[in-house]
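# Structural overview
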Amino acid sequence: QVQLVESGGGLVQAGGSLRLSCVASGRTFSGGAVGWFRQAPGKDREFVSAITWSGGTTYYADSVKGRLTISRDNAKNTVYLQMNSLKPEDTAVYYCAARRNLVGLRSALGYDYWGQGTQVTVSS
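Definitions and cut-offs
Residues numbered from 1 in each chain as written. Predicted model: local features only at pLDDT ≥ 70, side-chain atom pairs only at ≥ 80, totals over all residues. Heavy atoms only, no water. Disulfide = S-S within 2.5 Å. Helix = DSSP H or I, 4+ residues; strand = E, 2+ residues; numbered from the N terminus. Buried < 20%, exposed > 50% of the residue type's maximum accessible area, 1.4 Å probe, protein only. Salt bridge = Lys/Arg side-chain N within 4 Å of Asp/Glu carboxyl O. Phe/Tyr/Trp six-rings, centres within 6.5 Å; stacked < 30°, edge-to-face > 60°. Lys NZ or Arg CZ within 6 Å of the ring centre and 35° of its normal. Pairing = 2+ DSSP bridges. Axes fitted to C-alpha atoms, helices over the stretch in contact; angles between N-to-C directions.

### Focus on the state of the cysteines
Enumeration according to the criterion identifies one disulfide in this entry. Through a disulfide, Cys-22 is tied to Cys-96; the S-S separation comes to 2.1 Å. Here Cys-22 and Cys-96 share a disulfide; its torsion about the S-S bond, 60°, makes the bridge right-handed. One end of the pair, Cys-22, is in strand S3 (residues 18–26); the other, Cys-96, is in strand S9 (residues 92–99), with 74 residues separating them in the sequence. Note on accessibility: Cys-22 and Cys-96 belong to one class, buried.

Quick look at the structure:
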C-alpha cells in the first residue's frame, strides 16, 4: 500500500501563487509516476500534470503549461506542484495520485493510489 498526503492548498487572489506538496509513504516504488489531477464542482476530474519517479520526465495539460511546474524530491518521497499566475478557473480540489507504469499518464484510470485532495480557491 502507498499512502499519499497532499498539502499547500488555500485561498489566493488571481495572479498569485501556491505550492502543493504530495508526500508518499508506505510501500513506495522507484518506477512509475506521480500525477496531479483536479476536480471543480460539477465537472469531471481532469489531468493537470505528471512526473516520472526515475527520469523526472514531466507532462502538463495545455491549460496549465507555462504557469504550473511539477518537480520531485526522491529522497523525501515528495512531489511538488508550483502554481503561478493562478486564475479563477484553476479553482478545484487538487489530488495527487501514484501509479506503477507509464502507459496513459494523462488518464486517471491507470493510477493505483490517490490522496484525499486539497482545496485551491482563486478569487477574482
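On we go.
### Examining the pattern of salt bridges
Counted by the stated rule, this structure contains five salt bridges. Glu-46 is the salt-bridge partner of Arg-38, the closest N and O atoms lying 2.6 Å from each other. Overall, Arg-38 belongs to the buried group, its relative accessible area being 6%. In this structure Glu-46 comes out as partly exposed when scored by relative accessible area, which is 35%. Between Asp-62 and Lys-65 there is a salt bridge; the shortest N-O distance is 3.2 Å. A relative accessible area of 67% places Asp-62 in the exposed class. Via salt bridges that share partners, Arg-38, Glu-46, Arg-67 and Asp-90 belong to a single interconnected network.

### So, the packing of aromatic side chains
Per the stated rule, a full pass over the model turns up five aromatic pairs. For the pair Tyr-95 and Trp-114, a centre-to-centre distance of 6.4 Å together with 75° between the ring planes defines the contact as edge-to-face. In this pair, Tyr-95 sits in strand S9 while Trp-114 sits in strand S10 (residues 113–114), placing the two residues 19 residues apart along the sequence. Aromatic rings pair up to connect Phe-37, Phe-47, Tyr-95, Tyr-111 and Trp-114 into one cluster. A cation over a ring is seen here: Arg-45 above Tyr-95, with NZ or CZ 3.9 Å from the ring centre. Above the ring of Tyr-111, the side-chain terminus of Arg-99 is found at 4.8 Å from the ring centroid.

### A short note on the sheet that holds strand S1 (residues 2–7)
Sheet architecture is open: four strands sit in the order S1-S3-S8-S7, paired in antiparallel fashion. Either end of the sheet is taken by a strand with one partner, and the two such strands are S1 and strand S7 (68–73). Neighbour to neighbour, the strand axes of the sheet diverge by 15° on average, direction disregarded. Note: S1 against S3, six bridges, orientation antiparallel. Following the sheet pairing, Leu-4 is matched in S3 by Ala-24.

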